[in-house]
2 protein chains.
Amino acid sequence: MIKKVLIGILCSAAVLTLGILIGHFGITKSSGSAPSWVRDVAKDVDESLVEKFLSEVDNIQIQENLRELTKVPHMATTAGDEQTVKFMLKRWQDPESGLDQAWREEYMVYLSFPDPKNPNSVTVVTPSDAVLHTVREKEKPYTADQEDPEVGKLVYANQGKPSDYELLNRTIDLNGTIAITRYGGAGRAAKAINAAPYGIIGVLVYTDPLDINDGLMSDINETYPHSWYLPPSGVERGSFKNHYGDMLTPYLAAKEETYRIPAKNVTGIPPIPIQPIGFEDAYILICLFVCLPCCFTLLNLNLCSSDVKLDIFNYEEVRSSANVMGVIRGSVEPDRYVIYGNHRDSWVHGAIDPSSGTSVMLELSRVLGKMVKQGKWRPRRSIIFGSWGAEEFGLIGSAEYTEQYFTKLSERTVAYINVDIAVFANATLRASGMPSVQNVIFTAAKQVDAPGLDSMSVYDNWIQYANKTSPAHGTIPRVGYLSGAGSDYAAFVHYLGITSMDISYTYDRSKTNARIYPAYHTAYDTFDYASKFIDPGFTSHQATGRTAGNILIRLADSLVLPLNCSDYAESLEEYLKTAIDLAQSYIHRHIVTSSAFHVKINAYHPPLSHLSFSPLKVRMINDQLMLLDRAFLNPLAFPDKYGYSAGQPTFPGLADAYDKAESSGQSNDWDKVHYHLSVLSQAIDGAAHMLLDVI
Amino acid sequence: MIKKVLIGILCSAAVLTLGILIGHFGITKSSGSAPSWVRDVAKDVDESLVEKFLSEVDNIQIQENLRELTKVPHMATTAGDEQTVKFMLKRWQDPESGLDQAWREEYMVYLSFPDPKNPNSVTVVTPSDAVLHTVREKEKPYTADQEDPEVGKLVYANQGKPSDYELLNRTIDLNGTIAITRYGGAGRAAKAINAAPYGIIGVLVYTDPLDINDGLMSDINETYPHSWYLPPSGVERGSFKNHYGDMLTPYLAAKEETYRIPAKNVTGIPPIPIQPIGFEDAYILICLFVCLPCCFTLLNLNLCSSDVKLDIFNYEEVRSSANVMGVIRGSVEPDRYVIYGNHRDSWVHGAIDPSSGTSVMLELSRVLGKMVKQGKWRPRRSIIFGSWGAEEFGLIGSAEYTEQYFTKLSERTVAYINVDIAVFANATLRASGMPSVQNVIFTAAKQVDAPGLDSMSVYDNWIQYANKTSPAHGTIPRVGYLSGAGSDYAAFVHYLGITSMDISYTYDRSKTNARIYPAYHTAYDTFDYASKFIDPGFTSHQATGRTAGNILIRLADSLVLPLNCSDYAESLEEYLKTAIDLAQSYIHRHIVTSSAFHVKINAYHPPLSHLSFSPLKVRMINDQLMLLDRAFLNPLAFPDKYGYSAGQPTFPGLADAYDKAESSGQSNDWDKVHYHLSVLSQAIDGAAHMLLDVI
């Protein structure tokens, strides 16, 4: 039965391709004496304009954008953030910019901050409250906060995964302890959420040098400013909540007058405090103060009587956060949008995260705007640039934007391109996205020169670092899937079901095991760091910008949208194989027949003979392609998962339900697996209906 | 602020009108030497074809359709139902029909039936179980039905509204009683749901002659077959549940392999049995056996010791129910649908409900199909006919259809036309719909002759029976709003947010107070009854068919969709006034500022100067019009209300929340009012964004 679905989808892809060819031919031949709009509606990507665009994207302009953006720390809603808002507006509202419109869009969002008058502290105290050790309050400079404290014995809980706590709990009574964990393995908030059921009263989290620095630790000659590695006092900040978007206004845009749920009803935040610290302090705490059971107790004989004291004075406040929006209006289909976005707020100076992406976005808007201003070009579809606010606090700006413009964006957005951290490292392109965007990414990457390499394209370089074998295409670069909520694509993908992608330059994994670039979310992520250790010369920024911009132009200008549904079918087949493997074991153990997974598809006869060729027929095909991802939406299928209404081809609902049923073994949990198989089956059916039959 | 919204929407309407005129002009002028599709895309409604259509809709054909459809009772999923499925398929699959495709679509749905081997009974028994009275099991013919019984004293509870039970409870202990109620005032299921909290163990419901028969009761000379009035033994059947769609597969299409929730988890059904009876039996029960408190006890002195015994043997079963679908493919925009539907299943013979509507639908499809077959016409957009199954059990066929094709229908449906009961009575047209459809209904009604009246249009006749004053149009016929779940439009309106309407012919209210036509849902709703007492000569059926068909052609053929957003704005203003009145008193009493209701709208500048004219620009305007109702959708805003995801301009969420808060006075209920004000405010904002700014 599954085979039938896939054949159906593949067939349909073939029909579409045929339709595209004939349609294109039929249209372009028919200009001449016809009215001018006949020629306009038949316009396609102009390759000479793409070349012009690629040649104009300038590395030095990107460098200077970054210098400007990183002059001051610009954490969301601070004065520095406002400075970047004004900078973006000045650029985009300049009549010379070529943009048709630019504006700021304010949301009143609920954020948590440390209290400068009452700094958070982590200390180790004796029973008589004498301080044995104080964790560093601020990172060490090189070139340039709750009421009653939580007090408890310190335990080491690895990565704070459920299995880590379970293992630890076998040998030690975790009740009333404070757990120290390292980044990785489980999400930031999850480390505390997983800990709470064991009676743990607070969690510390640090960045282990083995995970981030390839083991290097000394700031005398090993770490920044001697290399890109994280100095011992570096603290990785982050949002410690599980949901995205503003917490007081779920599913509604956080406007001033919007109803806010009481703060006590907020869900998705850890029930116990969690505090990030540097590895310098973490090692002292682990080596000297961790209470280990049995054999290890000898090592910290007397110290085990000491307590760790967490004084957390964070406070919550509703503050105004801004998105900055810029628009180039489409000439032929203004009501179709290609959205290109990146957040603007950082934790400190945020040179790489996010200002590398913002610098690239500004350069793209400069080059494209100039082409518009000079009268050389106007995109077929509208281009919307979004500089999102408060991403670091949980993707807030982009989520509020999707909530506010729900219907409009759902109905009109062709694709969303996210370039957050533009350059993690300067070895190779990295791309993630829905299966249908693979082809346009490849086309774009083949036309861009790889930085620092003679006559090699970004594509040819990429394929050496990450590749896979495709039944249809042979060896191709591996494109990842946007399954999580790691950046602003989340609301576009999970809430609206919009075809999305995330583009960057990244590491040579044979040269480093760093979990992420080492200065990530620390005070060391500066212009100096970026220009010396991440991308000297800014040519990788340039390559990311050229590739992403080329994709943007193709999505905005192509007569027929460059979204490939046969690649969709291929990925779907991969995911379905996994799902069937899951389902088989489930079916054998829990239900008699496999009828639940019989995904039926009728033998539709695609309406080739009815096709007469007109702009409306091309639009029909484009709408089918645009809505392919939306067809997987089932807004009511995920009652337990905030902000997820998409039934996506990776089947997150099914995967979650399966995991739960596997661990609990309870029949009502298996019923939920069965339920999600039905949701999935009908989602595939719905997607097939969108493609196969126009009526 | 409200004013600003309205002005914004009105402005936008004006801009659209302008765009429409220029767009149309620009396109029609540009044919000539251009390719043939240039002419095709500019096609508009051909008035001569409308005239031809009107002249061909035949009353005798409708009469013969009705005769055929009512040969046997055709309750959902019975052999008689299957007979009507085959009849529809034969007509629509006939190569001469002109339809491009017709098929049956099966769903496995959960229904409740009386058990023929174990009929339901209502008896009055003495303490020693001697039967004093047995309620009639079957209706009296003139021309041509749980395990342990529920036993309790009988009480009279008026219409079974919450206030009725509350009042009664002040003077009598309702625990363990059986309540007799009359139809009207509260929904069928609500009468039992309202009763249960008082410990009432069963409910009887009857049709009061004052509500249905203008007081007439005698079958010697007053009721059918002497008139259209209901005979004393007539029992109004109906579905006694609160949700619509299949109960075991919420939000999923009820396909064979679909996951079904356990029957014990079904929601929306009354917790106690409820049984309909005729007024003949009802009057005996009320006069002789009702236990009245105080003064009235003298009247039924001994009899009050008797109990009423409800033996209800209904059983539930999953059965196959079919929709029959027929399609005329669109020539220019096949991916835009106008859907015309009506259910097929009845309670008994169902001549009026629903076969009057089915007879009309068959006549429309005959005339339109013939025009296609003769090569005279093919609609610009696709026309889909739907003959829904199992409507009487809770709108099941249409609801499953919308669940199965959720994305496709949401994205492509221009409008839904429902003609269920085509003729309630032969006095005047009746129409309900979203505000934007008023104008096309008027245009169509002006072109149709009123039955039995010389040279008067359906429109001119209608305005005499039901009218209102519109600021923009002066005196116009009153078009109702589709707020409930009374027929198959419910899933289209509330679940998908599709622009919908419901058309019929109805009473002269000065001549009868009948709640509905008296034979409604009884065994007397036959061909004989319909042809003698409802519409002799079938000319009102013809007028309904001509009007609905004319609307259908206009929606399918108009270059620019005949949906009027300034009428939308006018209705919105009416509803907003009501909402503000509600909100004011709320604001005065419960919150300090009225900021919650400040519906903001920015001063958008509609892009007139950017408009060059092409089919894609017309499509853009059409999509704005098509999606206007969809912009009010907020799928996650009604977590407590099954199947409602629309934030509709009548504000059902706000109204419900307000009612609850008013009666409870609790602050968390007032918080919900505040929440729904925000949902509403953002829905209006969303709709305005769809109209005002293309980008």
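Residues numbered from 1 in each chain as written. Chains lettered and ligands numbered in written order. Predicted model: local features only at pLDDT ≥ 70, side-chain atom pairs only at ≥ 80, totals over all residues. Heavy atoms only, no water.

- The name an unreviewed UniProt entry assigns to chain A is N-acetylated alpha-linked acidic dipeptidase like 1, from the organism Lates calcarifer.
- Of the comments in the UniProt record for chain A, the one headed Subcellular location (unreviewed entry) reads "Cell membrane". (UniProt positions renumbered as here; feature names shortened; annotations may be inferred.)

**Topic: the pairing of strand β6 (residues 178-182) of chain A**
Residues and elements named next belong to chain A.
- Burial runs high along β6: 5 of the 5 residues are buried.
- The two faces of β6 match: Ile-178, Ile-180 and Arg-182 on one face and Ala-179 and Thr-181 on the other face are all buried.
- With 3 bridges joining them, strand β5 (residues 154-156) and β6 adopt parallel strand pairing. Bridging across to β6, Tyr-156 finds its partner in Ile-180.
- Crossover connection from β5 via helix α6 (residues 162-169) to parallel β6: handedness right-handed.
- Both β6 and strand β7 (residues 202-206) contribute to a ladder of 5 bridges, which runs parallel. Residue pairing for β7: Ile-180 is matched across the bridge by Leu-204. (Buried < 20%, exposed > 50% of the residue type's maximum accessible area, 1.4 Å probe, protein only. Helix = DSSP H or I, 4+ residues; strand = E, 2+ residues; numbered from the N terminus. Pairing = 2+ DSSP bridges. Right-handed = clockwise from strand over helix to strand, strands pointing away.)

**A closer look at the environment of Glu-391 of chain B**
All names here are of chain B.
- Examined against the element boundaries, Glu-391 turns out to sit in the loop between β12 (381-388) and α11 (396-404).
- For Glu-391, a relative accessible area of 6% puts it in the buried group.
- Separated by 152 residues in the primary sequence, Glu-391 and Ser-239 place their C-alpha atoms 9.1 Å from one another.
- For Glu-391, the contacting residues outside a window of four places in its chain are His-343, Asp-345, Ile-396, Asp-420, Gly-486, Ser-487 and Asp-488.
- A polar atom in the side chain of Glu-391 sits 3.2 Å from the side chain of His-343. (Contact = heavy atoms within 4.5 Å. Polar contact = N/O pair within 3.5 Å; in protein donor to acceptor, adjacent residues only side chain to side chain.)

**A closer look at the sheet that holds strand β2 (residues 121-125) of chain A**
Residue and element names in this part refer to chain A.
- Strand order across the open sheet formed by 4 strands is β3-β2-β9-β4, with antiparallel pairing between neighbours. Every interior strand has two partners, whereas the edge strands, β3 (131-134) and β4 (150-152), have only one. Going across the sheet, the axis of each strand differs from the next one's by a mean of 20°, ignoring polarity.
- In this structure, β2 lies alongside strand β9 (residues 307-311), joined through 5 bridges in antiparallel fashion. Bridge pairing links Val-124 to Val-308 in β9.
- Against the sheet, helix α9 (residues 279-289) makes contact with β2 and β3, and its axis sits at roughly 145° relative to β3, the strand it touches most. (Axes fitted to C-alpha atoms, helices over the stretch in contact; angles between N-to-C directions.)

**Focus on the packing of aromatic side chains**
- Counted according to the given criterion, the structure contains 59 aromatic pairs over all chains.
- Judged by centre distance (6.2 Å) and plane angle (25°), the ring pair of Tyr-251 of chain B and Tyr-495 of chain B falls under stacked. Of this pair, Tyr-251 of chain B sits in the loop between α8 (209-212) and β8 (274-277) while Tyr-495 of chain B is found in helix α15 (residues 489-495), placing the two residues 244 residues apart along the sequence.
- Given the relative accessible area of 7%, Tyr-495 of chain B is considered buried.
- Each member of the aromatic cluster is reached from another via a ring pair, and the members are Trp-228, Tyr-229, Phe-424, Tyr-507, Tyr-517 and Tyr-520 of chain A.
- Here the guanidinium or amino end of Lys-446 of chain A rests over the ring plane of Tyr-459 of chain A, the centre of that ring lying 4.6 Å away.
- Sitting over the ring of Phe-113 of chain B, Arg-319 of chain B keeps its end group 3.7 Å from the ring centre. (Phe/Tyr/Trp six-rings, centres within 6.5 Å; stacked < 30°, edge-to-face > 60°. Lys NZ or Arg CZ within 6 Å of the ring centre and 35° of its normal.)

**A word on the pattern of salt bridges**
All names here are of chain A.
- What the rule picks out here adds up to 66 salt bridges over all chains.
- Between Arg-104 and Glu-82 there is a salt bridge, with the nearest N and O atoms lying 2.8 Å from each other. Of this pair, Arg-104 sits in strand β1 (residues 101-113) while Glu-82 sits in helix α5 (residues 79-93); the two residues are 22 residues apart in sequence, bridging distant segments of the chain.
- Among the residues examined, Arg-104 registers a relative accessible area of 29% and is labelled partly exposed.
- One salt bridge connects Glu-236 with Arg-515, and the closest N-O pair in it is separated by 2.6 Å. (Salt bridge = Lys/Arg side-chain N within 4 Å of Asp/Glu carboxyl O.)

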